[in-house]
Amino acid sequence: MTTALAGGRVRRTTAHLADGRDIFYFDDSPAYVTGETVRDAVDTRPLGPAGGGSELRYDVLTGEWVAIASHRNDRTFLPPKDECPLCPTGRGVVPSEVPASDYDVVVFENRFPSLSTRVEGLPHDLDGEPLFPVRPGVGRCEVVCFTSDHGASFSSLRPERVRTVVEAWADRTAELSATDGVRQVFCFENRGQEIGVTLHHPHGQIYAYPFVTPRTSALLRQAAAHRRSTGGNLLRDVLDAERRAATRVVLAGEHWTAYVPAAARWPVEVHLAPHRDVPDITGLDDAERDELSHVYLELLRRADRYFEGVTALPYIAGWHQAPVGADRELGRLHLQLFSILRAPGKLKYLAGSESGMGAWVNDALPEQIAARLREVAS
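What counts, and at which threshold
Within any chain, residue numbers begin from 1 and follow the written order of that chain's sequence. Selection of residues for local features in this predicted model requires a pLDDT of at least 70, selection of side-chain atom pairs for listing and counting requires 80 or more, and totals for whole chains, interfaces and linings are taken over all residues. Excluded from the side-chain calculation are hydrogens and water; included are all heavy atoms of the structure. The salt bridge criterion pairs a side-chain nitrogen of Lys or Arg with a carboxyl oxygen of Asp or Glu, the two atoms within 4 Å. Helix and strand definitions here come from DSSP, where helices need a minimum of 4 consecutive H or I residues and strands a minimum of 2 consecutive E residues; each element is numbered from the N-terminal end. Residue burial is assigned from relative accessible area. The probe radius is 1.4 Å, only protein chains are included, and a residue is buried under 20% of its type maximum, exposed over 50%, and partly exposed in between. Classification of ring pairs rests on two measures: the distance between centres of Phe, Tyr or Trp rings, Trp counted by its six-membered ring, which must be within 6.5 Å, and the angle between planes, read as stacked under 30 degrees, edge-to-face over 60 and tilted in between. Two conditions define a charge located above a ring, namely a distance within 6 Å from the ring centre to NZ of Lys or CZ of Arg, and an angle within 35 degrees of the ring normal. With a 1 Å grid spanning the protein atoms alone, the term cavity applies to any set of points in which a 1.4 Å probe fits but cannot get out, the term pocket to an open set with protein on both sides within 12 Å along at least five of seven lines, and the term lining residue to any residue with an atom within 4 Å of a point. Grid points are joined across faces, edges and corners, and a volume is the space filled by probe spheres set on the points. For this classification, the nonpolar set comprises Ala, Val, Leu, Ile, Met, Phe, Trp, Tyr, Cys and Pro, the charged set comprises Asp, Glu, Lys and Arg, and every other residue, Gly included, is treated as polar. In protein, a polar contact requires one atom able to donate a hydrogen and another able to accept it; more generally it is a pair of N or O atoms within 3.5 Å, and residues adjacent in sequence count only if both atoms are side-chain atoms. Every residue pair with non-hydrogen atoms within 4.5 Å of one another is taken to be in contact. Nonpolar cores were defined as sets of buried Ala, Val, Leu, Ile, Met, Phe, Trp, Tyr and Cys residues, with membership established by side-chain atoms within 4.5 Å.

*Asks:* Give a description of the pattern of salt bridges that names residues and reports values.
*Replies:* Tallying each qualifying case throughout the model produces 36 salt bridges. Ionic pairing is found between Arg236 and Asp240, a salt bridge with its closest N-O pair at 2.9 Å. Placement of both Arg236 and Asp240 in helix H4 (residues 234-245) is noted, with a separation of 4 residues, approximately one turn of the helix. In this structure, Glu308 and Arg372 form a salt bridge, with 3.6 Å as the shortest nitrogen-oxygen distance. In this pair, Glu308 sits in the loop between helix H5 (286-304) and strand E15 (315-320) while Arg372 sits in helix H7 (residues 366-375), placing the two residues 64 residues apart along the sequence. What makes Glu308 exposed here is its relative accessible area of 65%. Judged by relative accessible area, which is 15%, Arg372 ranks as buried. Each of the salt bridges in this network shares a partner with another, and the network as a whole consists of Arg12, Asp22, Glu109, Arg118, Arg140, Glu142, Asp171, Arg172 and Glu175.

In C-alpha cells:
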C-alpha cells in the first residue's frame, strides 16, 4: 500500500518483514514518488513470529513505571559493517532488516522492543503484593533509518532528505498517537558509543509509551501550576523570555528559535522550538517543516564543531511532544539536544548527586554554551 505525503513530494510504502513486523519506506527519489518504481522486495529470512516479552512494573516509591525487557540483553551489539542490520539487503554478507536493495528513509518495528503491541497478559500484583503492580509492556518501538549510507550522519544529509525524515516522524507520530493505549510518542536519536549506541548506522528510534514519561509528568505539573498562577502556557512563555533576553539564543529563523535553557543540565545542551504553538510534529505546517529541515541541520553541524578536535559529538536529540489525551493542552513541541561530553576525551558521569538524588550539577555555564554555539555558526 502506498500513500502520498508532503504534497506529493514523498511516497510512503507499507510492507511486512518475514516475522510479521511492519516496515514503512518513505521515498523522495523521483522514480518512487511518481510510481515508476515500486517497493516489492520480500524479506526471505527464516524468522519466527515477532514477539515482545516485556512487562511494566510500578515503582511505588516514585510513582513511575519501569519496563522490564530482559530479551533485549541479546540484541545486536556493534556488528562489523558488512553485517549491519540497517543497511539495505545485498550490501552485507547476510540479509538485513531492510529487504530492499536501497532506500531513502525507512521505518520498521524494532526486533528487540522495550514495548510491543504483541505482548500478552493481564495486569496483576507481583508476588500477590498490592504494592507491586505489574502490567504487560504494551506499546510500540520503531527504528528510523535516516539514510542507506552506513558512513553518513544526520548532519551530513541534504535538507531535502531531512524534510523526508520530518515527514516520517509526523506520519508515525500521527499513527502511533491513534493507537489504543498510547499516551505519548517520543522520536529521538542516540549518536555515539559514549551514549550507548549499539549500531553505527545513522538511525533513530520512536517510542510509543502507554504512560506519560517522568520528565513529561514533571513538565505538566509545572505547566499546570504556571497556568493557574499566570494564565499562560509555560513552554511558550519560556520561549518568549529566551527570545527577549537573547543572551542564550543560538539561532533564530522565521518559524524556529534555538536556545540554551537558563538552567541547562548538560555540558552541551540546546532546545529548538517553533514560534507557533503546536502540540507535536503533526501540527507543523509546510513552511515550518521546510525551515526545520535547514535549522536542525545547522544546529547539528554546530554541535559537531563545538569542541576543537571532535568531529562527531556524541549526543541525544529528542522531540518532546504533548501527551495524547489528558493534559495535552499543557504540552508544546520542542527538541532537546544534549551531549555528555564536557571536554574532548572527558565525559560527564552521572555520579552520586545526579544518579542517586536527581540533584543536577552542571560543569558549564549556559551563557558560555550559547556563545560557543554561536561562534561555530556556518
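*Asks:* A description of the packing of aromatic side chains should follow, citing residues and the corresponding values.
*Replies:* For the coordinates displayed, the defined rule picks out 15 aromatic pairs. Both rings, one in Phe186 and one in Phe188, keep their centres 4.9 Å apart while their planes meet at 20°; by these two values the pair is stacked. Since its relative accessible area comes to 10%, Phe188 is described here as buried. The ring of Trp360 is capped by Arg265, whose NZ or CZ atom sits 5.2 Å from the centre of that ring.

*Asks:* For empty space enclosed by the protein, give the residues involved together with the corresponding values.
*Replies:* Unfilled space is identified by rolling a water-sized probe across the atoms. Applying the stated criterion across every chain, the model contains 3 cavities of 30 Å³ or more. Empty space within the largest cavity amounts to approximately 80 Å³. Taken together, Arg215, Thr216, Leu219, Leu220, Leu235, His320, Gln321, Ala322, Pro323, Gly331, Arg332 and His334 make up the lining of the largest cavity. Considering every element that reaches the lining of the largest cavity, the biggest residue donor is helix H3 (residues 214-230), with 4 residues. Looking at the lining of the largest cavity residue by residue, the classes come out as 5 nonpolar, 5 polar and 2 charged. Quantified by volume, the second largest cavity comes out at close to 40 Å³.

*Asks:* I'd like a rundown of unusual backbone geometry, residues and numbers included.
*Replies:* Of note, Ala6 is a non-glycine position whose phi angle comes to about 55°, a positive value. Take Ala6: it is sitting in the loop between strand E1 (2-5) and strand E2 (10-16). Phi at Asp127 takes a positive value of approximately 60°, unusual for a residue other than glycine. In this structure, Asp127 sits in the loop between strand E7 (124-125) and strand E8 (133-136). For Asp127, a relative accessible area of 66% gives the class exposed.

*Asks:* Go over the side chain of Glu97 with me, naming the residues and quoting the values.
*Replies:* Residue placement: Glu97 occurs in the loop between strand E5 (64-68) and strand E6 (105-109). By relative accessible area, which is 5% here, Glu97 ends up buried. A polar atom in the side chain of Glu97 sits 2.8 Å from the side chain of Arg21. Here Arg45 takes part through its side chain, which lies 2.7 Å from a polar atom of the side chain of Glu97. Not counting residues up to four positions away in its chain, the partners in contact with Glu97 are Leu17, Arg21, Ile23, Arg45, Pro85, Phe108 and Arg111.

*Asks:* Provide a residue-level description of the nonpolar core, including the pertinent values.
*Replies:* Membership of the largest hydrophobic core comes to 56 residues, with the highest contact counts inside it found for Phe154, Trp169, Leu272 and Trp319. Excluding residues that lie within four positions of it along the chain, Trp169 makes contacts with Phe146, Phe154, Cys187, Ile206, Ile281, Tyr296 and Trp319. If you look at the next biggest cluster of nonpolar residues, it comprises 14 residues, including Ile23, Tyr103, Val106 and Val143.

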